[in-house]
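Structural characterization, general
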Amino acid sequence: MAAVDVNAESLGVPRKQLMESSGNAVARVCRDLTDPGSSVAIVAGRGNNGGDALVAARFLKEYDVTVHLLGRPETISTDIARENWEALVASEADIQTVTDSATFELDDPDLVVDAMLGTGVTGALREPEATAARALNDSSATVLSVDVPSGVDADTGEAAGVAVEADHVVTFHDDKPGLGSLDCDVTVEDIGIPVAAEVFTGPGDLLSLRRDPQSHKGDHGDVLVVGGGPYTGAPALAAQAALRAGADLARVACPEHVAREVQGYSENLIVRGFSGDHLAPDHVPELLDFAADRDVVVFGPGLGDHDESLAAVREFLAAYDGTAVVDADALQVVPDVETEATLICTPHQGELVKMGGETDTDWETRRELVREFAADLGHVLLVKGAYDVVSDGDEDRVNRTGNPGMTVGGTGDVLAGATGALASVLPPLDAAAVAAYANGRAGDAAADEFGGGLVATDLLERLPAALEGDQHE
Ligand SMILES: NC(=O)C1=CN([C@@H]2O[C@H](COP(=O)(O)OP(=O)(O)OC[C@H]3O[C@@H](n4cnc5c(N)ncnc54)[C@H](O)[C@@H]3O)[C@@H](O)[C@H]2O)[C@H](O)CC1
Ligand SMILES: [K+]
(Lines give C-alpha, C1' and ligand atoms only; values in the text may rest on other atoms or scores of the structure.)
(Ligands and ions follow the chains in the order given, each with its own letter.)
Protein backbone atom coordinates (compact mmCIF):
# COMPACT_ATOMS: atom_id res chain seq x y z
CA MET A 1 0.00 0.00 0.00
CA ALA A 2 2.85 2.41 0.80
CA ALA A 3 4.34 1.67 -2.63
CA VAL A 4 1.03 2.27 -4.37
CA ASP A 5 0.66 5.57 -2.46
CA VAL A 6 4.03 6.84 -3.65
CA ASN A 7 3.27 5.72 -7.20
CA ALA A 8 -0.10 7.53 -7.06
CA GLU A 9 1.68 10.65 -5.86
CA SER A 10 4.12 10.44 -8.77
CA LEU A 11 1.11 10.21 -11.10
CA GLY A 12 -0.17 13.49 -9.69
CA VAL A 13 -2.59 12.16 -7.06
CA PRO A 14 -1.12 13.14 -3.68
CA ARG A 15 -1.94 11.49 -0.37
CA LYS A 16 -3.95 14.49 0.83
CA GLN A 17 -6.30 14.02 -2.09
CA LEU A 18 -6.69 10.33 -1.17
CA MET A 19 -7.42 11.37 2.42
CA GLU A 20 -10.17 13.67 1.13
CA SER A 21 -11.71 10.73 -0.74
CA SER A 22 -11.36 8.48 2.32
CA GLY A 23 -13.04 11.06 4.55
CA ASN A 24 -15.82 11.51 2.03
CA ALA A 25 -16.30 7.72 1.96
CA VAL A 26 -16.44 7.60 5.77
CA ALA A 27 -19.14 10.28 5.73
CA ARG A 28 -21.12 8.34 3.12
CA VAL A 29 -21.12 5.23 5.30
CA CYS A 30 -22.14 7.32 8.33
CA ARG A 31 -25.17 8.51 6.35
CA ASP A 32 -26.05 4.89 5.55
CA LEU A 33 -25.91 3.99 9.24
CA THR A 34 -27.80 6.89 10.90
CA ASP A 35 -30.47 9.43 10.07
CA PRO A 36 -29.70 13.13 9.60
CA GLY A 37 -29.71 15.02 12.90
CA SER A 38 -28.24 12.06 14.83
CA SER A 39 -25.29 12.62 17.11
CA VAL A 40 -21.94 11.38 15.85
CA ALA A 41 -18.76 11.18 17.95
CA ILE A 42 -15.55 11.11 15.95
CA VAL A 43 -12.64 9.67 17.90
CA ALA A 44 -9.47 10.55 16.03
CA GLY A 45 -5.87 9.52 16.56
CA ARG A 46 -2.96 11.65 15.48
CA GLY A 47 -2.01 9.80 12.30
CA ASN A 48 -3.63 9.61 8.88
CA ASN A 49 -6.32 7.26 10.15
CA GLY A 50 -7.47 10.10 12.37
CA GLY A 51 -7.03 12.48 9.43
CA ASP A 52 -9.60 10.52 7.39
CA ALA A 53 -12.20 11.07 10.11
CA LEU A 54 -11.32 14.75 10.50
CA VAL A 55 -12.21 15.11 6.82
CA ALA A 56 -15.46 13.17 7.40
CA ALA A 57 -16.38 15.63 10.18
CA ARG A 58 -16.28 18.41 7.59
CA PHE A 59 -18.68 16.52 5.33
CA LEU A 60 -21.29 15.61 7.96
CA LYS A 61 -23.06 18.96 8.06
CA GLU A 62 -26.53 17.54 8.68
CA TYR A 63 -25.36 15.73 11.85
CA ASP A 64 -24.55 16.77 15.38
CA VAL A 65 -20.81 16.02 15.26
CA THR A 66 -18.29 16.11 18.13
CA VAL A 67 -14.62 15.47 17.37
CA HIS A 68 -12.41 13.98 20.10
CA LEU A 69 -8.71 14.24 19.27
CA LEU A 70 -6.63 11.78 21.29
CA GLY A 71 -3.45 13.58 22.31
CA ARG A 72 -2.14 17.09 21.90
CA PRO A 73 -2.72 18.76 18.52
CA GLU A 74 1.02 19.63 18.35
CA THR A 75 1.79 15.90 18.20
CA ILE A 76 -0.35 15.16 15.14
CA SER A 77 2.13 13.08 13.18
CA THR A 78 1.50 14.03 9.55
CA ASP A 79 1.14 17.34 7.74
CA ILE A 80 -2.03 16.31 5.96
CA ALA A 81 -3.80 15.21 9.15
CA ARG A 82 -2.69 18.47 10.83
CA GLU A 83 -4.02 20.59 7.96
CA ASN A 84 -7.39 18.89 8.28
CA TRP A 85 -7.36 19.42 12.06
CA GLU A 86 -6.57 23.11 11.58
CA ALA A 87 -9.45 23.41 9.11
CA LEU A 88 -11.83 22.13 11.81
CA VAL A 89 -10.39 24.49 14.42
CA ALA A 90 -10.68 27.44 12.05
CA SER A 91 -14.28 26.48 11.28
CA GLU A 92 -15.13 26.42 15.00
CA ALA A 93 -16.23 22.80 14.83
CA ASP A 94 -17.23 21.12 18.10
CA ILE A 95 -13.87 19.69 19.20
CA GLN A 96 -12.33 18.24 22.35
CA THR A 97 -8.72 17.28 22.88
CA VAL A 98 -8.04 14.35 25.18
CA THR A 99 -4.60 14.61 26.74
CA ASP A 100 -5.49 12.59 29.85
CA SER A 101 -7.41 9.34 29.42
CA ALA A 102 -9.41 10.16 32.59
CA THR A 103 -11.08 13.01 30.71
CA PHE A 104 -12.30 10.91 27.79
CA GLU A 105 -16.07 10.80 27.80
CA LEU A 106 -18.71 10.03 25.19
CA ASP A 107 -21.97 11.97 25.41
CA ASP A 108 -24.22 9.02 24.51
CA PRO A 109 -23.86 9.40 20.73
CA ASP A 110 -25.89 7.40 18.16
CA LEU A 111 -22.78 6.60 16.16
CA VAL A 112 -19.08 6.54 17.03
CA VAL A 113 -16.43 6.75 14.34
CA ASP A 114 -13.31 4.93 15.50
CA ALA A 115 -10.36 6.54 13.73
CA MET A 116 -7.76 6.13 16.43
CA LEU A 117 -5.32 3.92 14.59
CA GLY A 118 -5.21 2.31 11.17
CA THR A 119 -2.65 0.42 9.17
CA GLY A 120 0.26 2.54 10.40
CA VAL A 121 0.39 0.74 13.72
CA THR A 122 1.48 -2.52 15.27
CA GLY A 123 1.48 -3.56 18.91
CA ALA A 124 -0.92 -3.02 21.78
CA LEU A 125 -2.85 0.25 22.12
CA ARG A 126 -1.24 2.79 24.42
CA GLU A 127 -3.09 5.47 26.44
CA PRO A 128 -5.34 7.30 25.92
CA GLU A 129 -6.29 4.99 23.02
CA ALA A 130 -6.75 1.91 25.24
CA THR A 131 -9.19 3.71 27.56
CA ALA A 132 -11.06 5.16 24.61
CA ALA A 133 -11.35 1.70 23.02
CA ARG A 134 -12.93 0.34 26.24
CA ALA A 135 -15.36 3.26 26.35
CA LEU A 136 -16.39 2.62 22.74
CA ASN A 137 -16.93 -1.06 23.47
CA ASP A 138 -19.05 -0.21 26.53
CA SER A 139 -21.22 2.34 24.74
CA SER A 140 -24.55 1.46 23.14
CA ALA A 141 -23.66 3.45 20.02
CA THR A 142 -23.10 1.85 16.63
CA VAL A 143 -19.33 1.71 16.08
CA LEU A 144 -17.91 2.42 12.63
CA SER A 145 -14.16 1.82 12.35
CA VAL A 146 -12.10 3.63 9.76
CA ASP A 147 -9.91 1.27 7.69
CA VAL A 148 -9.48 -1.27 10.51
CA PRO A 149 -10.82 -1.51 14.09
CA SER A 150 -8.21 0.28 16.22
CA GLY A 151 -5.94 -2.19 17.96
CA VAL A 152 -6.49 -4.90 15.33
CA ASP A 153 -3.67 -5.86 12.95
CA ALA A 154 -4.96 -5.28 9.40
CA ASP A 155 -2.91 -8.20 8.05
CA THR A 156 -3.78 -10.88 10.60
CA GLY A 157 -7.02 -9.68 12.21
CA GLU A 158 -5.39 -10.22 15.60
CA ALA A 159 -5.15 -7.81 18.53
CA ALA A 160 -2.15 -7.52 20.85
CA GLY A 161 -4.32 -6.11 23.65
CA VAL A 162 -7.61 -4.28 23.96
CA ALA A 163 -9.13 -3.47 20.55
CA VAL A 164 -12.25 -1.76 19.27
CA GLU A 165 -15.16 -4.13 18.62
CA ALA A 166 -16.61 -2.61 15.49
CA ASP A 167 -20.08 -3.10 14.05
CA HIS A 168 -18.93 -1.82 10.66
CA VAL A 169 -15.59 -1.16 9.02
CA VAL A 170 -15.06 1.12 6.05
CA THR A 171 -11.76 0.33 4.38
CA PHE A 172 -10.17 1.84 1.30
CA HIS A 173 -9.04 0.78 -2.15
CA ASP A 174 -8.74 -2.93 -1.42
CA ASP A 175 -9.88 -5.39 1.20
CA LYS A 176 -7.41 -5.93 4.07
CA PRO A 177 -6.58 -9.59 4.76
CA GLY A 178 -7.22 -9.34 8.52
CA LEU A 179 -10.77 -8.04 8.18
CA GLY A 180 -12.21 -11.34 6.93
CA SER A 181 -11.94 -13.01 10.32
CA LEU A 182 -13.80 -10.21 12.19
CA ASP A 183 -17.46 -10.35 13.12
CA CYS A 184 -18.57 -7.09 11.47
CA ASP A 185 -19.74 -5.62 8.16
CA VAL A 186 -16.94 -4.44 5.88
CA THR A 187 -17.36 -1.89 3.09
CA VAL A 188 -14.49 -1.36 0.64
CA GLU A 189 -14.53 2.14 -0.85
CA ASP A 190 -12.68 3.34 -3.92
CA ILE A 191 -10.61 6.43 -3.09
CA GLY A 192 -9.43 7.25 -6.60
CA ILE A 193 -6.02 5.58 -6.60
CA PRO A 194 -5.29 5.30 -10.33
CA VAL A 195 -5.08 1.75 -11.68
CA ALA A 196 -1.76 2.86 -13.18
CA ALA A 197 -0.29 3.21 -9.67
CA GLU A 198 -0.46 -0.59 -9.41
CA VAL A 199 0.18 -1.59 -13.01
CA PHE A 200 3.17 0.64 -13.76
CA THR A 201 6.42 0.60 -11.86
CA GLY A 202 7.19 3.87 -10.10
CA PRO A 203 9.22 5.38 -7.29
CA GLY A 204 7.06 3.48 -4.77
CA ASP A 205 8.59 0.22 -6.00
CA LEU A 206 11.94 1.42 -4.68
CA LEU A 207 10.65 1.38 -1.09
CA SER A 208 11.34 -2.36 -0.98
CA LEU A 209 15.05 -1.60 -1.27
CA ARG A 210 15.54 0.34 1.97
CA ARG A 211 18.76 -1.08 3.43
CA ASP A 212 19.19 -2.36 6.94
CA PRO A 213 22.02 -0.27 8.48
CA GLN A 214 23.16 -3.35 10.45
CA SER A 215 23.90 -5.36 7.30
CA HIS A 216 27.21 -7.04 6.48
CA LYS A 217 29.29 -7.58 3.36
CA GLY A 218 27.57 -10.24 1.26
CA ASP A 219 24.09 -9.35 2.51
CA HIS A 220 23.41 -7.38 -0.65
CA GLY A 221 24.47 -9.95 -3.11
CA ASP A 222 27.36 -11.89 -4.49
CA VAL A 223 26.63 -12.09 -8.19
CA LEU A 224 28.34 -14.30 -10.77
CA VAL A 225 28.15 -13.34 -14.44
CA VAL A 226 28.83 -16.18 -16.87
CA GLY A 227 29.39 -15.01 -20.41
CA GLY A 228 31.89 -13.61 -22.87
CA GLY A 229 33.36 -15.41 -25.87
CA PRO A 230 32.70 -13.53 -29.07
CA TYR A 231 32.07 -10.38 -27.03
CA THR A 232 34.16 -9.07 -24.14
CA GLY A 233 32.36 -5.89 -23.09
CA ALA A 234 29.01 -7.48 -22.29
CA PRO A 235 29.99 -9.54 -19.20
CA ALA A 236 31.96 -6.57 -17.85
CA LEU A 237 28.95 -4.29 -18.25
CA ALA A 238 26.63 -6.79 -16.55
CA ALA A 239 28.99 -7.31 -13.62
CA GLN A 240 29.57 -3.58 -13.14
CA ALA A 241 25.81 -3.01 -13.29
CA ALA A 242 25.41 -5.58 -10.50
CA LEU A 243 27.79 -3.51 -8.35
CA ARG A 244 26.04 -0.25 -9.24
CA ALA A 245 22.70 -1.85 -8.34
CA GLY A 246 24.02 -2.60 -4.88
CA ALA A 247 25.68 -6.02 -4.99
CA ASP A 248 28.64 -6.32 -2.63
CA LEU A 249 30.60 -8.57 -4.96
CA ALA A 250 30.49 -9.17 -8.69
CA ARG A 251 32.40 -11.98 -10.36
CA VAL A 252 32.81 -12.89 -13.99
CA ALA A 253 33.49 -16.39 -15.31
CA CYS A 254 34.55 -16.23 -18.96
CA PRO A 255 37.08 -17.61 -21.46
CA GLU A 256 40.73 -16.70 -20.66
CA HIS A 257 41.16 -14.15 -23.43
CA VAL A 258 37.99 -12.40 -22.27
CA ALA A 259 39.13 -12.50 -18.64
CA ARG A 260 42.14 -10.28 -19.41
CA GLU A 261 39.93 -7.74 -21.13
CA VAL A 262 37.30 -7.76 -18.38
CA GLN A 263 39.88 -7.19 -15.68
CA GLY A 264 41.22 -4.31 -17.77
CA TYR A 265 37.77 -2.69 -17.85
CA SER A 266 37.41 -2.63 -14.08
CA GLU A 267 39.47 -3.44 -11.02
CA ASN A 268 36.25 -3.83 -9.04
CA LEU A 269 35.47 -7.18 -10.62
CA ILE A 270 36.62 -10.63 -9.57
CA VAL A 271 37.44 -12.48 -12.76
CA ARG A 272 37.95 -16.18 -13.37
CA GLY A 273 39.07 -17.38 -16.79
CA PHE A 274 38.51 -20.84 -18.16
CA SER A 275 40.31 -22.64 -21.00
CA GLY A 276 39.33 -22.26 -24.63
CA ASP A 277 37.66 -19.43 -26.46
CA HIS A 278 34.06 -20.24 -25.55
CA LEU A 279 32.02 -21.81 -22.75
CA ALA A 280 31.72 -25.58 -23.17
CA PRO A 281 30.25 -28.55 -21.25
CA ASP A 282 33.72 -29.37 -19.83
CA HIS A 283 33.54 -26.17 -17.78
CA VAL A 284 30.23 -27.00 -16.12
CA PRO A 285 31.43 -28.90 -13.01
CA GLU A 286 33.83 -26.08 -12.12
CA LEU A 287 31.14 -23.47 -12.80
CA LEU A 288 28.60 -25.26 -10.62
CA ASP A 289 31.16 -25.33 -7.85
CA PHE A 290 31.91 -21.64 -8.28
CA ALA A 291 28.20 -20.77 -8.45
CA ALA A 292 27.25 -22.71 -5.32
CA ASP A 293 28.35 -19.94 -2.92
CA ARG A 294 26.95 -17.07 -4.99
CA ASP A 295 23.46 -15.56 -4.55
CA VAL A 296 22.60 -15.22 -8.22
CA VAL A 297 24.10 -16.26 -11.55
CA VAL A 298 23.62 -14.10 -14.63
CA PHE A 299 23.88 -16.19 -17.78
CA GLY A 300 24.39 -14.94 -21.27
CA PRO A 301 26.05 -11.53 -21.65
CA GLY A 302 28.40 -11.85 -24.63
CA LEU A 303 28.19 -15.65 -24.58
CA GLY A 304 27.45 -16.17 -28.28
CA ASP A 305 25.51 -19.08 -29.71
CA HIS A 306 28.20 -21.75 -30.16
CA ASP A 307 26.50 -25.16 -29.84
CA GLU A 308 28.89 -26.13 -27.04
CA SER A 309 28.13 -22.95 -25.11
CA LEU A 310 24.39 -23.55 -25.33
CA ALA A 311 24.89 -27.20 -24.31
CA ALA A 312 26.88 -25.96 -21.31
CA VAL A 313 24.11 -23.58 -20.24
CA ARG A 314 21.61 -26.44 -20.55
CA GLU A 315 23.78 -28.77 -18.44
CA PHE A 316 24.39 -26.09 -15.86
CA LEU A 317 20.72 -25.22 -15.44
CA ALA A 318 19.73 -28.89 -15.25
CA ALA A 319 21.97 -29.27 -12.19
CA TYR A 320 21.48 -25.84 -10.57
CA ASP A 321 18.79 -24.98 -8.03
CA GLY A 322 19.60 -21.36 -7.18
CA THR A 323 18.43 -18.15 -8.82
CA ALA A 324 19.60 -17.25 -12.32
CA VAL A 325 19.03 -14.37 -14.69
CA VAL A 326 19.10 -15.63 -18.26
CA ASP A 327 19.79 -13.20 -21.10
CA ALA A 328 20.82 -13.00 -24.74
CA ASP A 329 21.81 -16.24 -26.51
CA ALA A 330 21.37 -18.30 -23.35
CA LEU A 331 17.61 -17.65 -23.54
CA GLN A 332 17.04 -20.16 -26.32
CA VAL A 333 17.79 -23.13 -24.06
CA VAL A 334 15.14 -22.14 -21.48
CA PRO A 335 11.97 -23.56 -23.09
CA ASP A 336 13.23 -27.15 -23.07
CA VAL A 337 15.42 -27.26 -19.99
CA GLU A 338 14.33 -29.15 -16.88
CA THR A 339 15.56 -27.17 -13.92
CA GLU A 340 14.91 -26.64 -10.22
CA ALA A 341 16.39 -23.15 -10.54
CA THR A 342 14.38 -19.93 -10.26
CA LEU A 343 14.90 -18.23 -13.61
CA ILE A 344 14.37 -14.60 -14.54
CA CYS A 345 14.51 -14.44 -18.33
CA THR A 346 15.16 -11.05 -19.94
CA PRO A 347 14.37 -11.34 -23.68
CA HIS A 348 13.67 -8.50 -26.06
CA GLN A 349 10.70 -9.19 -28.29
CA GLY A 350 12.76 -10.93 -31.00
CA GLU A 351 14.28 -13.26 -28.42
CA LEU A 352 10.86 -13.87 -26.90
CA VAL A 353 9.53 -15.06 -30.26
CA LYS A 354 12.60 -17.28 -30.69
CA MET A 355 11.75 -18.84 -27.31
CA GLY A 356 8.25 -19.67 -28.59
CA GLY A 357 6.44 -16.69 -27.08
CA GLU A 358 4.12 -14.27 -28.84
CA THR A 359 4.23 -10.51 -28.98
CA ASP A 360 1.91 -7.67 -30.00
CA THR A 361 2.18 -3.97 -30.73
CA ASP A 362 -0.44 -3.16 -28.06
CA TRP A 363 1.09 -3.26 -24.57
CA GLU A 364 -2.09 -4.42 -22.89
CA THR A 365 -2.33 -7.41 -25.22
CA ARG A 366 1.38 -8.03 -24.70
CA ARG A 367 0.81 -8.01 -20.95
CA GLU A 368 -1.67 -10.90 -21.31
CA LEU A 369 0.61 -12.80 -23.70
CA VAL A 370 3.65 -12.43 -21.47
CA ARG A 371 1.70 -13.56 -18.42
CA GLU A 372 0.47 -16.68 -20.22
CA PHE A 373 3.92 -17.51 -21.57
CA ALA A 374 5.54 -17.02 -18.15
CA ALA A 375 2.96 -19.43 -16.72
CA ASP A 376 3.76 -21.97 -19.46
CA LEU A 377 7.50 -21.68 -18.84
CA GLY A 378 7.17 -21.64 -15.07
CA HIS A 379 9.71 -18.79 -14.91
CA VAL A 380 9.71 -15.02 -14.52
CA LEU A 381 9.84 -13.07 -17.79
CA LEU A 382 11.03 -9.51 -18.24
CA VAL A 383 10.19 -8.73 -21.85
CA LYS A 384 11.97 -5.58 -22.98
CA GLY A 385 10.31 -2.97 -25.15
CA ALA A 386 9.09 0.64 -25.05
CA TYR A 387 6.86 -0.74 -22.29
CA ASP A 388 8.69 -3.58 -20.53
CA VAL A 389 6.38 -6.32 -19.29
CA VAL A 390 7.34 -8.36 -16.22
CA SER A 391 5.38 -11.41 -15.13
CA ASP A 392 5.71 -14.57 -13.09
CA GLY A 393 2.67 -16.08 -14.77
CA ASP A 394 0.41 -14.85 -12.00
CA GLU A 395 1.14 -11.21 -11.26
CA ASP A 396 2.58 -8.73 -13.68
CA ARG A 397 4.01 -5.21 -13.85
CA VAL A 398 4.63 -2.84 -16.70
CA ASN A 399 7.56 -0.43 -16.87
CA ARG A 400 7.55 2.65 -19.04
CA THR A 401 10.81 4.36 -18.10
CA GLY A 402 13.49 4.42 -20.78
CA ASN A 403 13.86 6.02 -24.20
CA PRO A 404 14.74 5.23 -27.84
CA GLY A 405 18.41 6.11 -27.22
CA MET A 406 18.64 2.91 -25.20
CA THR A 407 18.54 0.74 -28.31
CA VAL A 408 22.36 1.20 -28.33
CA GLY A 409 24.37 -1.98 -27.60
CA GLY A 410 25.03 -2.94 -23.99
CA THR A 411 21.96 -1.52 -22.22
CA GLY A 412 20.49 -5.04 -22.05
CA ASP A 413 23.67 -6.28 -20.35
CA VAL A 414 23.32 -3.50 -17.77
CA LEU A 415 19.72 -4.54 -17.15
CA ALA A 416 20.66 -8.22 -16.76
CA GLY A 417 23.39 -7.40 -14.23
CA ALA A 418 21.15 -5.05 -12.25
CA THR A 419 18.44 -7.73 -12.19
CA GLY A 420 21.00 -10.18 -10.80
CA ALA A 421 21.95 -7.83 -7.97
CA LEU A 422 18.33 -7.07 -7.08
CA ALA A 423 17.35 -10.75 -7.21
CA SER A 424 19.73 -11.36 -4.33
CA VAL A 425 17.70 -9.03 -2.08
CA LEU A 426 14.15 -9.09 -3.53
CA PRO A 427 11.67 -11.73 -4.74
CA PRO A 428 12.20 -12.45 -8.47
CA LEU A 429 9.19 -10.52 -9.83
CA ASP A 430 10.03 -7.44 -7.76
CA ALA A 431 13.72 -7.69 -8.70
CA ALA A 432 12.86 -7.72 -12.40
CA ALA A 433 10.35 -4.86 -12.06
CA VAL A 434 12.67 -2.64 -10.01
CA ALA A 435 15.61 -3.39 -12.34
CA ALA A 436 13.57 -2.43 -15.41
CA TYR A 437 12.39 0.74 -13.70
CA ALA A 438 15.86 1.80 -12.53
CA ASN A 439 17.58 0.87 -15.80
CA GLY A 440 15.08 3.02 -17.69
CA ARG A 441 15.49 5.89 -15.20
CA ALA A 442 19.25 5.69 -15.61
CA GLY A 443 18.74 5.72 -19.39
CA ASP A 444 16.46 8.75 -19.13
CA ALA A 445 19.04 10.61 -17.03
CA ALA A 446 21.72 9.70 -19.59
CA ALA A 447 19.48 10.90 -22.44
CA ASP A 448 19.00 14.25 -20.65
CA GLU A 449 22.73 14.74 -21.03
CA PHE A 450 23.65 12.89 -24.22
CA GLY A 451 20.36 12.55 -26.13
CA GLY A 452 20.44 9.79 -28.73
CA GLY A 453 24.24 9.58 -28.26
CA LEU A 454 24.07 7.85 -24.89
CA VAL A 455 26.13 4.68 -24.39
CA ALA A 456 25.71 1.76 -21.99
CA THR A 457 28.44 2.92 -19.59
CA ASP A 458 26.47 6.15 -19.07
CA LEU A 459 23.74 4.00 -17.50
CA LEU A 460 26.18 2.40 -15.05
CA GLU A 461 27.05 5.73 -13.47
CA ARG A 462 23.40 6.72 -13.19
CA LEU A 463 22.06 3.47 -11.75
CA PRO A 464 22.70 4.31 -8.07
CA ALA A 465 20.71 7.56 -8.27
CA ALA A 466 17.98 5.81 -10.27
CA LEU A 467 17.63 3.33 -7.41
CA GLU A 468 17.31 6.08 -4.77
CA GLY A 469 13.67 6.70 -3.99
CA ASP A 470 13.89 10.24 -2.66
CA GLN A 471 14.79 12.04 -5.85
CA HIS A 472 11.45 11.02 -7.38
CA GLU A 473 9.13 11.44 -4.41
N1 LIG B 1 -3.38 4.90 0.59
C2 LIG B 1 -3.50 4.80 1.88
O3 LIG B 1 -2.97 3.92 2.50
C4 LIG B 1 -4.29 5.75 2.55
C5 LIG B 1 -4.45 5.61 3.93
N6 LIG B 1 -5.14 6.47 4.64
C7 LIG B 1 -5.31 6.28 6.06
O8 LIG B 1 -4.07 6.30 6.68
C9 LIG B 1 -4.02 5.29 7.67
C10 LIG B 1 -2.62 4.99 8.06
O11 LIG B 1 -2.09 6.18 8.57
P12 LIG B 1 -0.69 6.31 9.33
O13 LIG B 1 -0.48 7.75 9.60
O14 LIG B 1 0.34 5.61 8.56
O15 LIG B 1 -0.90 5.51 10.66
P16 LIG B 1 -2.06 5.47 11.76
O17 LIG B 1 -2.95 6.63 11.66
O18 LIG B 1 -2.67 4.13 11.69
O19 LIG B 1 -1.24 5.54 13.13
C20 LIG B 1 -0.19 6.48 13.37
C21 LIG B 1 -0.37 7.13 14.74
O22 LIG B 1 -0.47 6.17 15.75
C23 LIG B 1 0.45 6.43 16.82
N24 LIG B 1 0.75 5.11 17.43
C25 LIG B 1 1.60 4.19 16.96
N26 LIG B 1 1.55 3.07 17.69
C27 LIG B 1 0.63 3.28 18.68
C28 LIG B 1 0.11 2.49 19.76
N29 LIG B 1 0.55 1.24 19.96
N30 LIG B 1 -0.82 3.03 20.56
C31 LIG B 1 -1.27 4.27 20.35
N32 LIG B 1 -0.81 5.08 19.34
C33 LIG B 1 0.12 4.58 18.52
C34 LIG B 1 1.56 7.13 16.14
O35 LIG B 1 2.29 7.90 17.03
C36 LIG B 1 0.83 7.98 15.10
O37 LIG B 1 0.34 9.16 15.66
C38 LIG B 1 -4.82 4.20 7.06
O39 LIG B 1 -5.24 3.26 8.03
C40 LIG B 1 -5.96 4.96 6.43
O41 LIG B 1 -6.97 5.20 7.37
C42 LIG B 1 -5.58 7.65 3.95
O43 LIG B 1 -5.81 8.78 4.51
C44 LIG B 1 -5.90 7.52 2.52
C45 LIG B 1 -4.85 6.87 1.78
K1 LIG C 1 -9.39 2.73 13.00
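Residues numbered from 1 in each chain as written. Chains lettered and ligands numbered in written order. Predicted model: local features only at pLDDT ≥ 70, side-chain atom pairs only at ≥ 80, totals over all residues. Heavy atoms only, no water.

Our focus in this paragraph is the coordination of the potassium ion (ligand 2). Distances from the potassium ion (ligand 2) to its protein donors, namely Asn49 (OD1), Asp114 (O), Leu117 (O), Val146 (O), Val148 (O) and Ser150 (OG), fall within the range 2.6 to 3.2 Å. For the potassium ion (ligand 2), the 6 donor atoms in the first shell make angles of 68 to 175° at the metal, a pattern classed as irregular. (Donors = N, O, S within 2.8 Å, 3.2 Å for Na, K, Ca; no water. Tetrahedral: all angles 85-135°; square planar, octahedral: opposite > 155°, others 65-115°.)

All right, on to the sheet that holds strand 15 (residues 388-391) then. Sheet architecture is open: 9 strands sit in the order 10-9-8-11-12-13-14-15-16, paired in mixed fashion. Each end of this open sheet is capped by a strand with a single partner; those strands are strand 10 (270-274) and strand 16 (396-399). The sheet shows a mean angle of 15° between the axes of neighbouring strands, direction not considered. Pairing of strand 14 (residues 380-383) with strand 15 involves 3 bridges; the strand directions are antiparallel. (Pairing = 2+ DSSP bridges. Helix = DSSP H or I, 4+ residues; strand = E, 2+ residues; numbered from the N terminus. Axes fitted to C-alpha atoms, helices over the stretch in contact; angles between N-to-C directions.)

For strand 12 (residues 323-326) and strand 13 (residues 342-345), the ladder comprises 4 bridges, and the chain directions are parallel. Opposite Val326, over in strand 13, you have Cys345 as the bridge partner.

Across its 13 residues, helix 13 (residues 411-423) extends 18 Å between first and last C-alpha, which sits within 8% of the 18 Å expected from 1.5 Å per residue. With 13 of 13 residues buried, helix 13 lies mostly within the body of the structure. (Expected span 1.5 Å × (residues − 1). Buried < 20%, exposed > 50% of the residue type's maximum accessible area, 1.4 Å probe, protein only.)

Let us now look at the UniProt feature "binding site: K(+)" (unreviewed entry) in the chain. Following the UniProt record, the feature "binding site: K(+)" (unreviewed entry) maps to Asn49, Asp114 and Ser150 here. A compact arrangement is adopted by the annotated residues: their sequence extent is 102 residues, whereas the largest C-alpha distance between any two is 9.4 Å. Those annotated residues lining the largest pocket are, specifically, Asn49. The residue Asn49 is located in helix 3 (residues 48-59) in this model. When its relative accessible area of 7% is taken as the criterion, Asn49 is described as buried. (UniProt positions renumbered as here; feature names shortened; annotations may be inferred. 1 Å grid on protein atoms, 1.4 Å probe; cavity = no way out; pocket = protein on both sides within 12 Å on 5 of 7 lines; lining within 4 Å.)

Parsing the chain into structural domains produces domain 1 (2-199) and domain 2 (217-472). Taking only C-alpha atoms into account, the centre of domain 1 sits 46 Å from that of domain 2. Listed by partner, the interface residues are 5 residues for domain 1 and 5 residues for domain 2. Together, Leu11, Glu198 and Val199 form the three largest contributors to the area buried by domain 1 at its contact with domain 2, with a combined 83%. At the junction of domain 1 with domain 2, the criterion picks out 0 salt bridges. In this structure, the connection of domain 1 to domain 2 is made through 3 residue pairs in polar contact (both at pLDDT 80 or more). Per-element accounting of the side of domain 1 that touches domain 2 gives the leading share, 3 residues, to helix 6 (residues 196-199). (Domains from an automatic or database assignment. Contact = heavy atoms within 4.5 Å. Buried area = accessible area lost by both parts, 1.4 Å probe. Salt bridge = Lys/Arg side-chain N within 4 Å of Asp/Glu carboxyl O. Polar contact = N/O pair within 3.5 Å; in protein donor to acceptor, adjacent residues only side chain to side chain.)

Near ligand 1 you find 24 residues, and of these Asp5, Asp52, Gly118, Ala124 and Asp147 are the closest. Here Asn49 contributes a side-chain N or O atom positioned 2.9 Å from an oxygen atom of ligand 1. For ligand 1, an oxygen atom lies 2.6 Å from a polar atom in the backbone of Gly118. Compared with its free state, where it exposes 880 Å², ligand 1 has 86% of that area covered by protein. Judged by its atoms lying within 2 Å of the grid points, ligand 1 is housed in the largest pocket. Listed by contribution, the elements that provide at least two residues to the shell around ligand 1 are helix 2 (15-33) and helix 3. The greatest single-element share of the shell around ligand 1, amounting to 4 residues, is contributed by helix 2. Class assignment of the residues belonging to the shell around ligand 1 gives a composition of 9 nonpolar, 8 polar and 7 charged. (Near = heavy atom within 4 Å. Areas by Shrake-Rupley, 256 points an atom, 1.4 Å probe, with all protein chains shown as cover. Sits in = over half its atoms within 2 Å of the grid points. Nonpolar A, V, L, I, M, F, W, Y, C, P; charged D, E, K, R; others polar.)

Turning next to the pairing of strand 4 (residues 111-115). Side-chain direction in a regular strand flips from residue to residue, so the side chains alternate between the two faces of the sheet. Burial analysis of strand 4 places 5 of its 5 residues in the buried class, which makes it a mostly covered element. In strand 4, alternate side chains face the same way, and those of Leu111, Val113 and Ala115 on one face and Val112 and Asp114 on the other are all buried. Direction of pairing for strand 1 (residues 39-44) relative to strand 4: parallel, over a ladder of 5 bridges. When the sheet's bridge partners are listed, Val43 is paired in strand 4 with Asp114. The pairing of strand 4 with strand 5 (residues 142-146) spans 4 bridges and is parallel. Looking at strand 5, one finds that Asp114 is bridged to Ser145. With respect to chirality, the unit in which strand 4 leads through helix 5 (residues 129-138) into the neighbouring parallel strand 5 is right-handed. (Right-handed = clockwise from strand over helix to strand, strands pointing away.)

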